[in-house]
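Listed below are the residues making up each chain.
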Amino acid sequence: GENRMINYLLFSSKTCKNCPTMKDNVNALNLGHFEFDVDNEKGSKVAQEFNIRSLPTFIILKGMEPQDELKRLVGIWPKERITAEINLVTKKIIC
């Protein structure tokens, strides 16, 4: 059906210097997001599917497939900006 959930994906790696800050910011929002480490096999596979080019990358999507993507935030985003972006793209759908 059309009633797909809003999901959040965060892609990172152990060697990425900006990832810990973005991880902390996303964790603080308690979104129940999915985290993928591109250094392991599963994370690498999902990163390829979503065409991840740099880290960290945070994706807001309605569903769980690459074509369900609403917005991607690359690099470090402050908590307030992440929340604002989520509200922007999810309001468009809900209304």
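Conventions adopted
- Residues numbered from 1 in each chain as written.
- Predicted model: local features only at pLDDT ≥ 70, side-chain atom pairs only at ≥ 80, totals over all residues.
- Heavy atoms only, no water.
- Pairing = 2+ DSSP bridges.
- Helix = DSSP H or I, 4+ residues; strand = E, 2+ residues; numbered from the N terminus.
- Axes fitted to C-alpha atoms, helices over the stretch in contact; angles between N-to-C directions.
- Contact = heavy atoms within 4.5 Å.
- Buried < 20%, exposed > 50% of the residue type's maximum accessible area, 1.4 Å probe, protein only.
- Polar contact = N/O pair within 3.5 Å; in protein donor to acceptor, adjacent residues only side chain to side chain.

(A) Quick peek at the sheet that holds strand β1 (residues 6-12). Overall, mixed pairing links the 4 strands, which are arranged β2-β1-β3-β4 in an open sheet. Whereas interior strands pair on both sides, the edge strands pair on one side only; in this sheet they are β2 (34-37) and β4 (69-74). Strand-to-strand twist of the sheet, defined as the mean angle between neighbouring strand axes without regard to direction, takes the value 20°. With 6 bridges connecting them, β1 and strand β3 (residues 57-62) associate as antiparallel partners. Across the sheet, L10 pairs through a bridge with F58, a residue of β3. On the sheet, helix α1 (residues 19-28) packs against β1, β2 and β3 and is oriented at approximately 160° with respect to β1. Seen against the sheet, helix α2 (residues 41-49) touches β1 and β2 and runs at an angle of roughly 105° to β2.

(B) Broad picture of the environment of D39. Mapped onto the fold, D39 is located in the loop between β2 and α2. Judged by its relative accessible area of 48%, D39 falls in the partly exposed class. Excluding residues that lie within four positions of it along the chain, D39 makes contacts with S13, K14 and T15. Engagement of the side chain of D39 in a polar contact is seen with the backbone nitrogen of K14, the distance being 3.2 Å.

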